[in-house]
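If you want the building blocks of each chain, they are given just below.
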Amino acid sequence: MLTGKHLIAGEWVAGETTFASTPAVGDSHDFAVGTAADVDAAVRAAEDAFASFGWLSRSARAELLRKIADEIDARGAEITEIGTQETGLPAARLEGEQGRTTGQLRLFADHIEAGDYLDLRHDPALPDRAPLPRPDLKMIQRPIGPVAVFGASNFPLAFSTAGGDTAAALAAGCPVVGKGHPAHPGTAEIVAQAIDAALRATQTHPGVFSLIQSDGIDVGGALARHPLIRAVGFTGSLAAGRALFDICAQRDDPIPFFGELGSVNPMFVLPAAAAARASEIGTGWAGSLTMGAGQFCTNPGIAVVIDGPEAEALQSAAQTALEATDGQTMLTDGIANAYRAGAARLRAAQGVTEIMGSESDDRSAKPNLFAVSADDWLANSHLHEEVFGPLGILVRARDMQQMLQIAGAIEGQLTCTLHMGAGDTQDAQALLPLLERKAGRVLANGFPTGVEVADTMVHGGPYPASTNFGATSVGTLSIRRFLRPVCYQNIPAELLPEQV
């Protein structure tokens, strides 16, 4: 049952003003608008909770993560109902995302119990060493303190209230203050109810998690500026992310901003692969472009291929598949408007050919396909920018040398893909050193829209894909973002955290 209130340190708090949700279907609901005072109360409660939560045993934190997963599962039908109404996503997608969210929580619980993530190191004392003795030195990763987490528009579960950033911070021992995304505030509240229930059931300090709702920018700015917040996790647009990044960097005490911002995830189709299966690649590209109305951060918006009959075959297959795709509901009116504006911008760009155009109404999005020569693509940096939605650009290169030039010109990406055949090894060897400098994940003969939650996954990359290329927002390595190394020199054992 929705309350329309904030969750602040175990209490459901009303606001003086409210905003109305804008669901794709169904009734609108009113939600409290957060204030600077709400932010301050939540952050101070998080700081108070950190005094105990930061020293809680790994097994106790693992118990909390598993209990949160259980409480989310118990509300599964309710979450799917409100989630489909608010976002327009199909029930199967929401149910799958719920499974990913709860699976991630349980994976992180197992991971912290094992303890490997702590990177424990010990240099025993050498009192007789000459010319100077060595003290006893122990190093461990320790939680950094309260973390602000911003819900994402395109993943109402996996990257929002109890999603990757929250799960990683809690696993590390850091309390979380979450900002609900206005695209799905009801979904955020039901998940927050699950977290609240888990905190109560495990008798964990209620300040370990708070959720503040808002449809404006003031709450986000207040969170990023609050002196007790020690890091920010964010998934969203380049403009919003850059604004928050600048706030974090310009503080009197700058803090890390772990932002996933934007990526066109280029695919490079090498000659042997194009000769053997251009049509197959084109059809697969269309399916990846339109998955979830193209609203995936790993949507492969650009395909690079050497001009010629193979490029024509790839383009034709992609066009045929896209023309058979019905319109899909986008997450918000704002995202739909931005998608239409991006398509219009490409239509007007020098040298760009519209292969397949479509008009989209309201929140419905239909696919668009464009083609451009590598010369024109290289000359216009605006063609390198992400258009969030089911839109693809086929870039036709003259030869392999120009394909290498494109690889060198792309900005930071979440993913880069090589489509290669048996005769493409030498060309792939030339491309790979360029691509691994540009992306957090490089894949061969696949499509990047599936992101596995695993120990080895890297979901990040050089700017503007993310603001910290040494980190990932998916997988167990993401926990390390909210830890810092501390060296204990000659500290008595009874004073050390249990892990040392």
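**Let's talk about the overall build of the protein**
When you go through the protein residue by residue, the secondary structure sums to 14 helices and 21 strands. Expressed along its principal axes, the backbone C-alpha trace of the protein runs to roughly 70 × 70 × 40 Å. Scored against the burial criterion, the 500 residues of the protein give a buried share of 56%. Carbon and sulfur atoms make up 52% of the accessible area of the protein, which totals about 19,600 Å². Mean positive and mean negative side-chain charge positions of the protein (35 and 57 charges, respectively) differ by 6 Å.

**Describing helix α4 (residues 91–114)**
Relative to the 34 Å expected for 24 residues at 1.5 Å per residue, α4 spans 35 Å between its end C-alpha atoms, a close match to the ideal helical length. For α4, every residue scored as buried is listed here: R93, L94, E97, Q98, T101, T102, Q104, L105, F108, A109, H111 and I112. Against α2 (58–74), α3 (76–87) and α5 (164–172) lie the buried residues of α4. Phi turns positive, to about 85 degrees, at G115, one or two residues after α4.

**With respect to the packing of α4 against α5**
The N-to-C vectors of α4 and α5 enclose an angle of 25 degrees; their axes lie 10 Å apart at closest approach. The angle between α4 and α5 places the two elements in the roughly parallel class. Here the hand of the crossing between α4 and α5 comes out right-handed. On α5, the residues touching Q104, L105, F108 and I112 of α4 are G164, A167, A168 and A171.

**Describing the nonpolar core**
Most often, soluble globular proteins have nonpolar side chains that are buried together. Judged by nonpolar contacts, the single largest core of 90 residues is most densely connected at F268, V395, I406, L431, I479 and F482. In terms of residue count, helix α6 (residues 185–201) provides more of this core than any other element does, eight residues in total. Not counting chain neighbours up to four residues away, the residues in contact with F268 comprise V304, M403, I406, A407, T417, L418, H419, L431 and L435.

**Here's the deal with the sheet that holds strand β6 (residues 137–143)**
Here three strands make up an open sheet; going across it, the order is β5-β6-β21 and the pairing antiparallel. The open sheet is flanked by β5 (121–123) and β21 (483–489), the only strands paired with a single partner. The average undirected angle you get between the axes of adjacent strands in this sheet is 25 degrees. When β6 meets β21, the two strands line up antiparallel, connected through seven bridges. Across the sheet, M139 pairs through a bridge with C487, a residue of β21.

**What to know about the sheet that holds strand β13 (residues 302–306)**
Read across the open sheet, the seven strands follow the order β15-β17-β18-β13-β12-β19-β20; overall the sheet is mixed. Since the sheet does not close on itself, it has two edges, and those belong to β15 (353–356) and β20 (439–444), each with one partner. Taking the axes of each pair of neighbouring strands and ignoring which way they run, one obtains an average angle of 20 degrees across the sheet. Both strand β17 (residues 368–373) and strand β18 (residues 391–397) contribute to a ladder of six bridges, which runs parallel. Its bridge partner lying in β18, F370 is registered against I393. Helix α9 (residues 271–290) contacts β12 (267–269), β13, β17, β18 and β19 (413–419) of the sheet and is inclined by roughly 160 degrees relative to β18. Across the face of the sheet, helix α10 (residues 309–323) comes into contact with β12, β13, β15, β17 and β18 while running at roughly 170 degrees to β18.

**Overview of the side chain of D424**
Along the polypeptide, D424 turns up in the loop between β19 and α14 (425–438). No salt bridge is formed by the buried D424. Its closest oppositely charged neighbour is R277, at 6.5 Å. Of note is the side chain of D424, whose polar atom sits 2.7 Å from the backbone nitrogen of G421. Excluding residues that lie within four positions of it along the chain, D424 makes contacts with L270, P271, A272, A273 and H419.

**Side note on the packing of aromatic side chains**
With the rule as written, the count across this model stands at seven aromatic pairs. Taken together, a centroid distance of 5.8 Å and an interplanar angle of 70 degrees make the contact between F150 and F234 edge-to-face. In this pair, F150 is assigned in strand β7 (residues 147–150) and F234 in strand β10 (residues 231–235), connecting sequence segments 84 residues apart. The same class applies to F150 as to F234, namely buried.

**A word on a negative patch on the surface**
A contiguous patch of negative charge, built from D333, E359, D361 and D362, is present on the exposed surface. By the element assignment, E359 lies in the loop between β15 and β16 (364–365).

**Considering the pattern of salt bridges**
With the rule as written, the count across this model stands at 19 salt bridges. As a salt-bridge pair, D307 and R396 come within 2.6 Å of each other at their nearest N and O atoms. Of this pair, D307 sits in the loop between β13 and α10 while R396 sits in strand β18, and the two are 89 residues apart along the sequence. E354 is the partner of R347 in a salt bridge, and the nearest nitrogen-oxygen pair spans 2.4 Å.

**Focus: the packing of α2 against α5**
The contact between α2 and α5 brings their axes to 9 Å, and the two run at 155 degrees. One way to sum up the angle between α2 and α5 is to call them roughly antiparallel. α5 is crossed by α2, and the crossing has right-handed handedness. Of α5, the residues touching α2 (which contributes R61, L65 and I68) are A167, L170, A171 and A172. Of the residues contributing to the contact of α2 with α5, the split by class is six nonpolar, no polar and one charged.

Parameters at a glance
- Residues numbered from 1 in each chain as written.
- Predicted model: local features only at pLDDT ≥ 70, side-chain atom pairs only at ≥ 80, totals over all residues.
- Heavy atoms only, no water.
- Helix = DSSP H or I, 4+ residues; strand = E, 2+ residues; numbered from the N terminus.
- Buried < 20%, exposed > 50% of the residue type's maximum accessible area, 1.4 Å probe, protein only.
- Areas by Shrake-Rupley, 256 points an atom, 1.4 Å probe, with all protein chains shown as cover.
- Lys, Arg positive; Asp, Glu negative; His and termini not counted.
- Charge placed at Lys NZ, Arg CZ, Asp CG, Glu CD.
- Expected span 1.5 Å × (residues − 1).
- Contact = heavy atoms within 4.5 Å.
- Axes fitted to C-alpha atoms, helices over the stretch in contact; angles between N-to-C directions.
- Parallel < 35°, antiparallel > 145°, perpendicular 65-115°, else oblique.
- Left-handed = near helix turned anticlockwise from the far one by under 90°.
- Core = buried A, V, L, I, M, F, W, Y, C linked by side-chain atoms within 4.5 Å.
- Pairing = 2+ DSSP bridges.
- Salt bridge = Lys/Arg side-chain N within 4 Å of Asp/Glu carboxyl O.
- Polar contact = N/O pair within 3.5 Å; in protein donor to acceptor, adjacent residues only side chain to side chain.
- Phe/Tyr/Trp six-rings, centres within 6.5 Å; stacked < 30°, edge-to-face > 60°.
- Patch = residues over 30% accessible without salt bridge, like charges linked within 9 Å, V, L, I, M, F, W, Y side chains within 5 Å.
- Nonpolar A, V, L, I, M, F, W, Y, C, P; charged D, E, K, R; others polar.

Honestly, that's just the spatial picture; any functional story needs more than this.
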